[in-house]
Structures are given as structure tokens and as C-alpha cells.
Amino acid sequence: MSGRPKKSVPVRPRQTQAQRRAVALAKISVAGLEILAESGYYSMTFANVAERAGVSRGSLMHYFAQKSDLAIAVIEDGMVALLRELRSKVPGWLANPDRDGQIFDDIYFGGPLFQAWLAVAVHARTDKQLNENFQRMSAENINSVCRIAADGWGPELMRNPQWPDFLELVQSVIQGFAVAHLDKGWGAPQGEAWPAARRLLLIALDDLRAGRPLSGS
């Protein structure tokens, strides 16, 4: 019998129920966003989301009673990640001589998140309950995006009476541009159309700061 001491095998601590839930929900969110962006709302099912997420269908249905609840949660999780990313960019905006234009570039609402958002938006037009929840969630998050942007533009802008009109203009231009370019891929805005839209938004921002009526509205 050897006198060598036995090597101890580290015991991996077991995850708590809350940790397991968080991991499962994160996987579900990623899978749901991918399917919505790739195939649209009608093609997203509990079965294919569960399969891609690597969870059981029963587990998925334990977290979400209806498909509409799942879709809203998926978009909201994506927006939370976007807001976190934008907050991390504020110091860079403040140090950038072209910070106004850079902010517009960074809050451009594109990529898979926008494709998923659009898929739910289209379906919500004929689903009253989904539409109410979706519009509320979208308005809250888009306002949050613009409040973060205001940290770079100057927080005093939010006290301007035209701030709500400016928010609506920013939302309409960016989302309209994104819809018009659905077939051209995603990533950073490219081509001639975005610089033109960007100039329009910069003019409106100057008007807001100067207290003039918004030129783009």
C-alpha cells in the first residue's frame, strides 16, 4: 500500500435554484432572439426555442405561460443589454469632438435585436393584448436610450418642452431607416442614406438646444 497522500478532488459547488433559473432564462432569451430575428414571430414556438436553448419544453412553459410573454421578455432582455452597452459608452462620447454624431451612430437601432423587435411589432398590430404590452415596453426602453444619450448631449435638454417631440423624431428616423434597409444586412449604418438621416437629426438637435422649432418635425 502506497504511503502517498490521495489527491483531493475539488468539489464544484452546486448551483442554487435561483442560479439555475438565471442560466436557463439567459439561454432562452438568446435562443428566442435568434429565432425571432431569423424567422419571425409566427415561426417562434416553445418547441424550437426550448430545443435551441437546451432546456425542456416543460421548463420553458413553467417560465412563460404564453408565446406573447416569451416574445416580450426576449425583446426586453435584448434592450437591457443594449442599455448597458450604451451606458458604458458615455465617457467616450464626452471625450469625442464629434460626440453628437457619434451618439446617433451608437443608438442606431439595427442588428438582430431590431429584426426581432420588428417581427413582434408586425404581429402585435393584430393582437390587442400583445400590442399594449409591446408598445409600453418599447416606449419605456426607447425613452431610456434617449435619456442615456442625453448624458452625452447634455441632460438639460430633457427639460426642454420640445424634448418629447425630439424623442419621437429620433425614434421615427432611426426606425424608419432601419426598416427601409432590412434587405441590406446589419452592423454599422452604411451607404448614403444614413449620413443624410444623421444630418437631419443633428439639425434637430441644434434646434432643440437653441430653443427653435424642430426643423425635422
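Our subject is the structure that appears above.
Parameters at a glance
- Residues numbered from 1 in each chain as written.
- Predicted model: local features only at pLDDT ≥ 70, side-chain atom pairs only at ≥ 80, totals over all residues.
- Heavy atoms only, no water.
- Helix = DSSP H or I, 4+ residues; strand = E, 2+ residues; numbered from the N terminus.
- Buried < 20%, exposed > 50% of the residue type's maximum accessible area, 1.4 Å probe, protein only.
- Contact = heavy atoms within 4.5 Å.
- Areas by Shrake-Rupley, 256 points an atom, 1.4 Å probe, with all protein chains shown as cover.
- Phe/Tyr/Trp six-rings, centres within 6.5 Å; stacked < 30°, edge-to-face > 60°.
- Salt bridge = Lys/Arg side-chain N within 4 Å of Asp/Glu carboxyl O.
- Axes fitted to C-alpha atoms, helices over the stretch in contact; angles between N-to-C directions.
- Parallel < 35°, antiparallel > 145°, perpendicular 65-115°, else oblique.
- Left-handed = near helix turned anticlockwise from the far one by under 90°.
- Core = buried A, V, L, I, M, F, W, Y, C linked by side-chain atoms within 4.5 Å.

Q: Could you give an account of the overall build of the protein chain, naming the residues involved and the relevant values?
A: On a plain count of helices and strands, the protein chain comes out with nine helices and zero strands. Each helix and strand of the protein chain, placed in order from N terminus to C terminus, yields the pattern α-α-α-α-α-α-α-α-α. For the protein chain, with 217 residues in total, the buried portion stands at 42%. Pairs at least 24 residues apart make up 67% of the contacts formed inside the protein chain by residues separated by at least 6 positions. Surface summary for the protein chain: the accessible area is close to 12700 Å², and the carbon and sulfur share equals 53%.

Q: Quick rundown of the packing of aromatic side chains? Include the residues and the values.
A: Tallied over the entire structure, the rule returns six aromatic pairs. With a centroid separation of 5.5 Å and 25° between ring planes, the pair formed by F114 and W117 is classed as stacked. Of the two residues, F114 and W117 both sit in helix α6 (residues 111-124), three residues apart, roughly one turn of that helix. Across this residue pair, the class does not change: F114 and W117 are buried.

Q: So what's going on with the pattern of salt bridges? Which residues, and what values?
A: Under the defined criterion, the tally for this structure stands at nine salt bridges. In this structure, the salt-bridge partner of E34 is R52, at a minimum N-O distance of 3.2 Å. Taken together, the residues E34 in helix α1 (residues 17-39) and R52 in helix α2 (residues 46-53) connect sequence positions 18 residues apart. The partly exposed category is assigned to E34, whose relative accessible area is 34%. Residue classification places R52 among the partly exposed positions, given a relative accessible area of 41%. The partner of R212 in a salt bridge is D207, and the shortest N-O contact between them spans 3.0 Å.

Q: Mind laying out the packing of helix α4 (residues 67-94) against α6, listing which residues take part and the relevant values?
A: Helix-helix packing: each pair is described by the crossing angle between the helix axes and the interaxial distance. The interhelical angle for the contact between α4 and α6, taken along N-to-C directions, is 150°, at an axis separation of 10 Å. When the interaxial angle is binned, α4 and α6 end up roughly antiparallel. In this structure, α4 crosses over α6, and the sense of that crossing is left-handed. Residues A71, I75, G78, M79 and L82 of α4 touch α6, and the partners they reach there are L113, A116, W117 and V120.

Q: Break down the nonpolar core for me, citing the residues and quoting the values.
A: Ranked by internal contacts, the top residues of the largest apolar core, which has 64 residues, are L70, F104, I107, W153, W163 and F166. When residues of this core are traced back to their parent elements, those giving at least two are α1, α2, α4, α5 (99-107), α6, α7 (128-153), α8 (163-180) and α9 (193-210). Among the elements that make up this core, the one with the highest residue count is α4 (12 residues). Those residues in contact with W153, other than ones at most four positions away along the chain, are R99, D100, I103, F104, I107, C146, W163, F166, L205 and R209.

Q: Report on the side chain of S29, specifying residues and quantitative values.
A: Relative to the elements of secondary structure, S29 occurs in helix α1. Under the relative-accessibility criterion, S29 is labelled buried at 12%. Beyond its immediate stretch of four places on either side in the chain, S29 contacts V74 and D77.

So yeah, pure geometry; function would need other evidence.
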